[in-house]
Amino acid sequence: MQSAASCSATPRPIPLFAPVTSATFCCSPSNSSCAGHNAGITGSGQVDPADARDQIPSTVDLDMVRAVFETNVFGVIAVTNAVLPLLRRSPAPRIVNVSSHAASLTLTSDPDGPFAALLPSAAYSPSKTALCALTVQYANELRKDGVLVNAVAPGFVDTDSNNHTGFLTVAQGAAVVVRLATLGPDGPTAGFFAEDGPLPW
Ligand SMILES: NC(=O)c1ccc[n+]([C@@H]2O[C@H](COP(=O)([O-])OP(=O)(O)OC[C@H]3O[C@@H](n4cnc5c(N)ncnc54)[C@H](OP(=O)(O)O)[C@@H]3O)[C@@H](O)[C@H]2O)c1
């Protein structure tokens, strides 16, 4: 892994491997360093979310819920704490946790909103809600150290995880991640963002 002190002028994502999850450690032209927690699983495998019936709360397999939380929540704690010493050496440290619109309690509890039409999920959605909660706790701890910590929702992106049913390209989904990874010193922390602006928790 490249040290924060040796960041080059060209952004260069560097995969960091850990037992439970992965992060992309990135050096930007502004010499900021960012831990972007992108690794995640749905628990349902490579499937259209509309077919993820194994997430339905009343019949869900608890071992699947545990596995999803292991990667999507506990893994982020493990990797964050592993990279923090290096991040702290950067003049502009940033942490971006890749969450989901499905994490938003406000959006998903609106019976008239688009998310009420999704299959209920006891694994993926709650794990991403927990990731948002974790984002706020890390942000509060690290605010005094200048580490900006935010959660993002990339939107419905065409990837393996949804069996390529997403309608956004990977580049479109990544835009908000890059934006939050390269925030200036007055940027937000403890926030939740999509590409078109802040999201409600
Ligand atoms: N696609 C969407 O519409 C969408 C929407 C909202 C949020 N997200 C979030 O965006 C992130 C990326 O998802 P994606 O759609 O790109 O899914 P994906 O195509 O399935 O990619 C997930 C990535 O996470 C890695 N990963 C999973 N478990 C891991 C583990 N235990 N250790 C290390 N790496 C692990 C996978 O590596 P391997 O391939 O080696 O297993 C893969 O590179 C996830 O956090 C997901 O929840 C996606």
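Residues numbered from 1 in each chain as written. Predicted model: local features only at pLDDT ≥ 70, side-chain atom pairs only at ≥ 80, totals over all residues.

*Asks:* Looking at this structure, how should I read the overall build of the protein chain?
*Replies:* Broken down by element type, the protein chain carries four helices and seven strands. Residues classed as buried in the protein chain amount to 38% of the 201 residues present. Sequence separation of at least 24 residues holds for 67% of the intrachain contacts in the protein chain that already meet a minimum separation of 6. (Helix = DSSP H or I, 4+ residues; strand = E, 2+ residues; numbered from the N terminus. Buried ≥ 20, exposed ≤ 12 C-beta atoms within 10 Å, placed from the backbone. Contact = placed C-beta atoms within 7 Å.)

*Asks:* I tried to follow the site of the ligand on my own but got confused; where do I start?
*Replies:* Surveying the vicinity of the ligand reveals 19 residues, the closest of which are Ala39, Gly40, Ser100, Thr159 and Ser161. For the shell around the ligand, a count of residues per class yields eight nonpolar, 10 polar and one charged. (Near = placed C-beta within 6 Å. Nonpolar A, V, L, I, M, F, W, Y, C, P; charged D, E, K, R; others polar.)

*Asks:* Please clarify how unusual backbone geometry should be interpreted in this entry.
*Replies:* Working note: non-glycine residues mostly have negative phi, and peptide bonds are mostly trans. Located in the positive-phi region is Asn163, a residue other than glycine, with phi close to 55 degrees. If you trace the backbone, Asn163 turns up in the loop between strand 5 (148-152) and helix 4 (170-181). At Ala190, a residue that is not glycine, the phi angle is positive and equals roughly 60 degrees. For Ala190, the position within the fold is in the loop between helix 4 and strand 6 (191-194). You can call Ala190 partly exposed: it has 17 C-beta atoms within 10 Å.

*Asks:* Would you take a moment to explain helix 4 for this structure?
*Replies:* Two residues of an α-helix separated by three or four positions point the same way, owing to the 3.6 residues in each turn. If you check helix 4, its first and last C-alpha atoms are 16 Å apart, about what 12 residues at 1.5 Å a residue would give, namely 16 Å. Turning to helix 4, its buried residues are Gly173, Val176, Val177, Leu180 and Ala181. All buried residues of helix 4 fall inside an arc of 140 degrees around its axis, so they share one side. (Expected span 1.5 Å × (residues − 1). Arc of directions from axis to C-beta.)

*Asks:* Before we go on, may I ask you to explain the pairing of strand 5 in this structure?
*Replies:* In summary, the side chains of a regular strand alternate between the two faces of the sheet. Across the five residues of strand 5, five count as buried, placing the element largely inside the fold. On strand 5, burial covers both faces: Leu148, Asn150 and Val152 on one face and Val149 and Ala151 on the other are all buried. Pairing analysis gives five bridges linking strand 4 (residues 92-98) to strand 5, with the strands arranged parallel. Residue pairing in the sheet places Ile95 in a bridge with Val149 of strand 5. (Pairing = 2+ DSSP bridges.)

*Asks:* Explain the nonpolar core here, please?
*Replies:* General note: in soluble globular proteins, nonpolar side chains tend to be found buried as a group. Ranked by internal contacts, the top residues of the largest apolar core, which has 34 residues, are Ile95, Val96, Leu131, Val149, Val152 and Val177. Those elements that provide at least two residues to this core are strand 3 (32-37), helix 1 (62-87), strand 4, helix 3 (124-142), strand 5 and helix 4. Element by element, the count of residues in this core is highest for helix 3, at seven residues. Aside from chain neighbours lying at most four places away, what touches Val177 is Gly36, Val96, Val98, Val152 and Pro154. (Core = buried A, V, L, I, M, F, W, Y, C linked by C-beta atoms within 7 Å.)

*Asks:* Help me understand the environment of Arg66 in this model?
*Replies:* Along the polypeptide, Arg66 turns up in helix 1. For Arg66 and Ala123, which are 57 residues apart along the polypeptide, the C-alpha to C-alpha distance reads 8.0 Å.

*Asks:* Honestly, helix 1 in this entry has me stumped. Any pointers?
*Replies:* Given a rise of 1.5 Å per residue, 26 residues ought to cover 38 Å, and the 35 Å separating the end C-alpha atoms of helix 1 matches this to within 8%. Maximal helix bending in helix 1 amounts to about 40 degrees, located at Glu70. Restricting attention to buried positions, one finds in helix 1 the residues Val68, Asn72, Val73, Gly75, Val76, Val79, Thr80, Val83 and Leu87. (Bend = angle between axes of the 7 residues up to and from the residue.)

*Asks:* Just checking my understanding: could you explain the pairing of strand 4 for this structure?
*Replies:* In terms of burial, strand 4 is largely enclosed, as seven of its seven residues are buried. Neither face of strand 4 is exposed, since Ala92, Arg94, Val96 and Val98 on one face and Pro93, Ile95 and Asn97 on the opposite face are all buried.

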